Amino acid sequence: MPAPSVTTIDRAEVVVVGARCAGSAAALALAKAGRRVVAIDAARLPSDTLSTHLLWPSGLAEIERLGALDAVAAIGAPELTHAMAAIAGYKVASRFPAVGEIDYAMCVRRTGLDDALLRTAVAAGVQLRARCRVTELLWEGGRCAGVRYTDPDGAEVELRAALVLGADGRRSTVARLVGAEEPFAHRPSGRDCYYAYWKDSRPDWRHIAAQWRAGSDLGTAFPCDDGLLLCLVQPAATGERGGVGAAEARYTAAIENIPELVERLRGCTRVGRVRSATDIASYFRHSSGPGWALPGDAGHFKDPVTAQGIRDALRYGRLLGEAAAPVLDHPERLDRALRDWEQTRVRDCVDIYQWTNRLARGETISPLEHALYRAADTDPAISEAVIGIFSRTVDPSSFHTPMRAGMLALRALWNARTDPLPVLADLARTARDTVAERVEAVEIRRRSHRRVPPMSRPAESSLTTSSPGDDHA
Ligand SMILES: Cc1cc2nc3c(=O)[nH]c(=O)nc-3n(C[C@H](O)[C@H](O)[C@H](O)COP(=O)(O)OP(=O)(O)OC[C@H]3O[C@@H](n4cnc5c(N)ncnc54)[C@H](O)[C@@H]3O)c2cc1C
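What you see is a predicted model; the values in this text were computed from it and never measured. All residue numbers refer to position in the chain's written sequence, counted from 1. Local features are withheld for residues below a pLDDT of 70 in this predicted model, meaning they are given only at 70 or higher, and side-chain atom pairs are given and counted only at 80 or more; totals for whole chains, interfaces and linings count all residues. With hydrogens and water excluded, all non-hydrogen atoms of the structure serve as input to the side-chain values.

Peer 1: How would you summarise the overall build of the protein chain if you had to cite specific residues and measurements?
Peer 2: We count a stretch as a helix when DSSP gives it H or I for four or more residues in a row; a strand needs E for two or more, and each element gets its number in order from the N terminus. Across its full length, the protein chain holds 14 helices and 23 strands. Just to be clear, the radius of gyration here is over C-alpha atoms, and the globule rule we use is 2.2 Å times residues to the power 0.38. Compactness check: the protein chain gives a C-alpha radius of gyration of 23 Å against a globular reference of 23 Å for 473 residues, within 12% of the reference. If you line up the protein chain on its principal axes, its C-alpha atoms span 75 × 45 × 45 Å. Using a 1.4 Å probe on the protein chains alone, a residue whose accessible area is under 20% of its type maximum counts as buried, one over 50% counts as exposed, and one in between counts as partly exposed. Evaluated residue by residue, the protein chain yields a buried proportion of 54% over its 473 residues. Put simply, 77% of the contacts in the protein chain that link residues at least 6 apart link residues at least 24 apart. When the accessible surface of the protein chain is totalled, it reaches about 20,100 Å², and 53% of it is carbon and sulfur. Counted charges follow a simple rule, with Lys and Arg positive, Asp and Glu negative, and His plus the chain ends left uncounted. Taken as the charge centre is NZ of Lys, CZ of Arg, CG of Asp or CD of Glu, depending on the residue. Looking at charge distribution, the protein chain has the averaged site of its 60 positive side-chain charges lying 2 Å from that of its 59 negative ones. Should any heavy atoms of two residues lie within 4.5 Å, those residues are considered in contact. Residue burial considers only the protein chains on display, and all accessible areas are found by Shrake-Rupley using a 1.4 Å probe.

Here it is in structure tokens:
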């Protein structure tokens, strides 16, 4: 079948592929700087997407920076002023540490959240083309020079631009077409995700973001908009897709394994089906090249266990737009700005990537974790610091000082003095893991400097399209 011929050729200064968190933030920053931006999304918008949606104070601070906080607050999700994790009989509980003026978290369903972000971007001048799927990239003189997309009527449109941002999620078409699909760092998750909404009947819990762990199971309950409660469970991954009813069965079984979660859900009624995400992996992809960049999940993803994705998609989307806007008309300076932006994201995110990967292992609570949570139960400063890691006010590496590690090791050994072998084994493993993570962090930074090999991109000519392949979007 010959490819359908292009019916329209159009121009913008920037094309943003994907118009949710990363796409809206990047497009908004560019439009605020006076650039002509077209955002293209294959979905009918507003619409839901496969994602839970806890926003730590740091995520809300990003929304505020974009000027969308009032629109998001108007959706009506309650302010979650307290975080609570109950683990192995111990409680890590604290008010949320403030980020700027914001000292609460929020859990806002994606249809409303993404719509509020996108409306803010459109009000700033971004032109939205929904239900349009990007299928190819245009190349000129070795640079990405635009996209080809199919519009809702099936017509083929060529949209030329100085910069193409692939904000098109984990299965990014842009990443594939620039040759960056294969991550340069990659860690499969040890957990599967299952979530559903419940009509919340517990007003006394409506200000608390709660998490429980029992054995290898992990469950959360986050009050969200419309009087609902989001209940996510993350049991250990099985590596199986499962047949009809598997998600429902695993969801129910994981909840039943966590008695405090059963108690939290008492009197609440399930609304709708269980949604699942399995086979998840955290990764870094090469995220910039001549005339293109990959904000959001397209370039970097962390397992949902620490709920960092939306915040990082917004933050590094905005930073990308701000970095690119002033140099858009100078290709060399633009490419340098894109590279610097990519390095900033790698530098900022390696630590939390590794912390997330540890939590995503899907294992039972180790003796050292046990000692940590026991310490947090009695020391509010430790509780606040642990919660600060999730909210990005505390770096994991500054929390895990040799002093604190030594103290926890001594406590764990003291608690297990009749049978210290499991603690010693855990200590040995933690020491090995810590060394391996240091090596991995250096390697990630080193690899992130490498460029995507030009041979994986299509041949240059005056204006060529990249070869179409399977569309994974
Ligand atoms: C199960 C699960 C739970 C999660 N829970 C949380 C949480 O609680 N808190 C949190 O902060 N993060 C969470 N995350 C992470 C969060 O969902 C992502 O980090 C975030 O959605 C990234 O936003 P994005 O804009 O990069 O991509 P997306 O939100 O994936 O948006 C990509 C957009 O690109 C469009 N697109 C794709 N291909 C094309 C194409 N070819 N042409 C045009 N458009 C295209 C899609 O239609 C889509 O609208 C979770 C993720 C998962 C999977």
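Peer 1: Describe in detail the nonpolar core, supporting the description with residues and values.
Peer 2: Ile63, Leu165 and Phe284 are the most contacted members of the largest nonpolar core, which has 108 residues in total. At eleven residues, helix H9 (residues 331-359) tops the list of elements feeding residues into this core. Setting aside residues no more than four positions away along its own chain, Phe284 makes contact with Pro183, Phe184, Ala185, Gly299, His300, Val346, Cys349, Val350, Tyr353 and Ile444. Residues belong to a common nonpolar core when they are buried Ala, Val, Leu, Ile, Met, Phe, Trp, Tyr or Cys residues joined through side-chain atoms within 4.5 Å.

Peer 1: Lay out the environment of Asp192 with the relevant residues and their values.
Peer 2: Along the polypeptide, Asp192 turns up in the loop between strand S13 (185-188) and strand S14 (193-199). Assessed through its relative accessible area of 2%, Asp192 is described here as buried. The residues contacting Asp192, other than those within four sequence positions of it, are Val233, Gln234, Pro235, Ala236, Ala237, Thr238, Arg250, Ala277, Thr278 and Asp279. Each polar contact in these results corresponds to two N or O atoms within 3.5 Å; when the atoms are within protein, one needs to be able to donate a hydrogen and the other to accept it, and residues that are neighboring in sequence are counted only if both atoms are side-chain atoms. In this structure the side chain of Asp192 is engaged in a polar contact, spanning 2.9 Å, whose partner is the side chain of Arg250.

Peer 1: Go over helix H13 (residues 402-415) with me, naming the residues and quoting the values.
Peer 2: What a helix should span is 1.5 Å times the count of its residues minus one. In this model, H13 (14 residues) spans 20 Å end to end at C-alpha, consistent with the 20 Å of a helix rising 1.5 Å per residue. Among all positions in H13, only Leu408, Ala409 and Ala412 are buried. Buried positions in H13, seen along its axis, are confined to an arc of 105 degrees and lie on one side of it. Exposed side chains of H13 directed beyond 90 degrees from the buried face belong to Met403, Leu410 and Trp414. Summarising the geometry, the arc corresponds to the directions from the helix axis toward the C-beta atoms.

Peer 1: Describe the sheet that holds strand S19 (residues 281-284), with residues and values.
Peer 2: Whether two strands pair depends on DSSP finding at least two bridges between them. Overall, antiparallel pairing links the three strands, which are arranged S13-S19-S22 in an open sheet. Looking at the sheet topology across the chains shown, the edges are occupied by S13 and strand S22 (300-301). Across four bridges, S13 lies against S19 in antiparallel orientation. Looking at the pairing, Ala185 lines up with Phe284 of S19.

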